[in-house]
Amino acid sequence: MVEHRMVDVNGIRLHIAEQGEGPLVVLLHGFPESWHSWRHQFAPLAAAGFRVAAPDQRGYGRSDHPQDVSAYSILHLVGDVIGLIHALGEERAFVVGHDWGAPVAWHTALLRPDVVRGVAGLSVPPPFRGERPPLEAMQERFDGHFYWNYFNLPGVADAEFGKDPRGTLRRLLYGASGDCPTGGRYEQALVTDLERGWLADSPDPEVLPDWLTEQDLDELTESYAQGFTGALNWYRNLDRNWELTAPWHGAVVSPPALYMYGDRDLVPAFPGTPELIANLPRLMPSLVRDPIVLPGCGHWTQQERPAEVNEALVDFLTGLRD
């Protein structure tokens with residue numbers, strides 16, 4: 001059974017879900033998600049002999065939502081993971097992340113390889129710091145219409161998404177899934193009409209995809225009772241993260257690593273990302289195998305393809321267990 005509790009970590013309180021005994025595996029969700037996005041991974045990983053812990057990350061769900069935008073930098077987020085590992089009585093752990101959770105997992109491995117036994121990222125590939133701040137680069141490329149820049153506008157996306165949280169989540173989840181006709185084409189889905197908002201052209205499915213139940217959507221909606229601002233503040237730190245990570249420019253993740261993504265995922269279609277993924281085996285020797293591509297899978301990797309993800313994770317983690 002999955003158990004829930006609050007843990008004091010890095011100056012804040014995090015809500016975590018946990019199950020199993022054995023080497024610790026920390027599962028990190030993305031946007032707009034919660035610990036619940038890993039619901040299909042708890043039992044298989046626990047059955048394979050691992051202790052699984054999935055937090056609502058800061059700004060999400062029942063965890064603390066700091067008011068200061070600067071409290072959501074990548075260093076704060078990595079600090080939460082390291083603090084959680086130690087608060088759970090462990091010195092080292094495996095770290096797995098999806099969407100925004102993937103950069104947190106990758107940076108945890110990059111900054112604290114002494115703590116990370118192995119790292120896996122879903123959807124978002126390992127970090128290779130660019131030459132320019134990302135918000136600045138996307139502002140120029142898309143004239144301010146890219147969704148990162150829209151999310152960066154104070155209070156704007158917060159208000160749009162908060163009008164109907166359940167409807168917002170339904171549209172966001174379907175729109176980035178492999179079931180949506182625009183799956184894998186970022187320009188149609190992620191470039192925003194600034195006057196009408198991001199959801200204006202987002203499809204609203206009459207029937208949810210098979211991988212998402214009404215109960216799942218209820219659970220996720222409840223986790224946004226405090227609104228979307230905490231989650232959006234992660235995006236508002238993109239340029240600050242670029243500044244803060246300058247000392248690691250050119251550094252490569254060294255712990256053993258696994259990367260997987262869906263071929264209808266929007267993120268791997270971002271400008272420059274297909275070329276990065278193609279070169280990952282050469283750029284990052286710590287990859288234990290070539291990137292795993294899941295046919296027909298959209299952005300919600302571990303929810304859309306739980307069996308394949310679980311098999312890959314168990315194989316990866318088991319191979320690294322002492």
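Above this note sits the structure.
Computed from a predicted model, the values in this text were never measured in an experiment.

### Description of helix H4 (residues 134-142)
Those residues of H4 not exposed but buried are Pro 134, Leu 135, Met 138 and Phe 142. With its buried residues spanning 95° around the axis, H4 presents them on a single face. Following H4 by one or two positions, Asp 143 has its phi on the positive side, about 55°.

### Things to note about the pairing of strand S2 (residues 12-19)
Counting buried positions along S2 gives seven out of eight residues, so the element sits mostly inside the fold. The pairing of strand S1 (residues 3-9) with S2 spans seven bridges and is antiparallel. Across the sheet, Val 7 pairs through a bridge with Leu 14, a residue of S2. Hairpin geometry of S1 and S2 is characterised by an intervening segment of two residues between the two adjacent antiparallel strands and by a positive phi of about 55° at Asn 10. Where S2 meets strand S4 (residues 51-55), four bridges bridge the pair, whose relative direction is antiparallel. The residue of S4 that forms the bridge with Gln 19 is Val 52.

### Considerations on the nonpolar core
In terms of nonpolar packing, the biggest core is built from 77 residues, with Phe 31, Tyr 147, Trp 148, Phe 151 and Phe 161 touching the most fellow members. Counting residues in each nonpolar core, the second largest holds 24 residues, with Val 25, Leu 27, Leu 45 and Leu 122 among its members.

### Some thoughts on the layout of surface pockets
Taken as a whole, the largest pocket encloses approximately 1,100 Å³ of empty space. Of all the secondary-structure elements, those providing two or more residues to the lining of the largest pocket are helix H3 (101-111), H4, helix H5 (147-152), helix H11 (238-244) and helix H12 (273-283). With four residues, the single largest contributor to the lining of the largest pocket is H4.

Thresholds applied
- Residues numbered from 1 in each chain as written.
- Predicted model: local features only at pLDDT ≥ 70, side-chain atom pairs only at ≥ 80, totals over all residues.
- Heavy atoms only, no water.
- Buried < 20%, exposed > 50% of the residue type's maximum accessible area, 1.4 Å probe, protein only.
- Helix = DSSP H or I, 4+ residues; strand = E, 2+ residues; numbered from the N terminus.
- Arc of directions from axis to C-beta.
- Pairing = 2+ DSSP bridges.
- Core = buried A, V, L, I, M, F, W, Y, C linked by side-chain atoms within 4.5 Å.
- 1 Å grid on protein atoms, 1.4 Å probe; cavity = no way out; pocket = protein on both sides within 12 Å on 5 of 7 lines; lining within 4 Å.
- Points joined across faces, edges and corners; volume = space filled by probe spheres on them.

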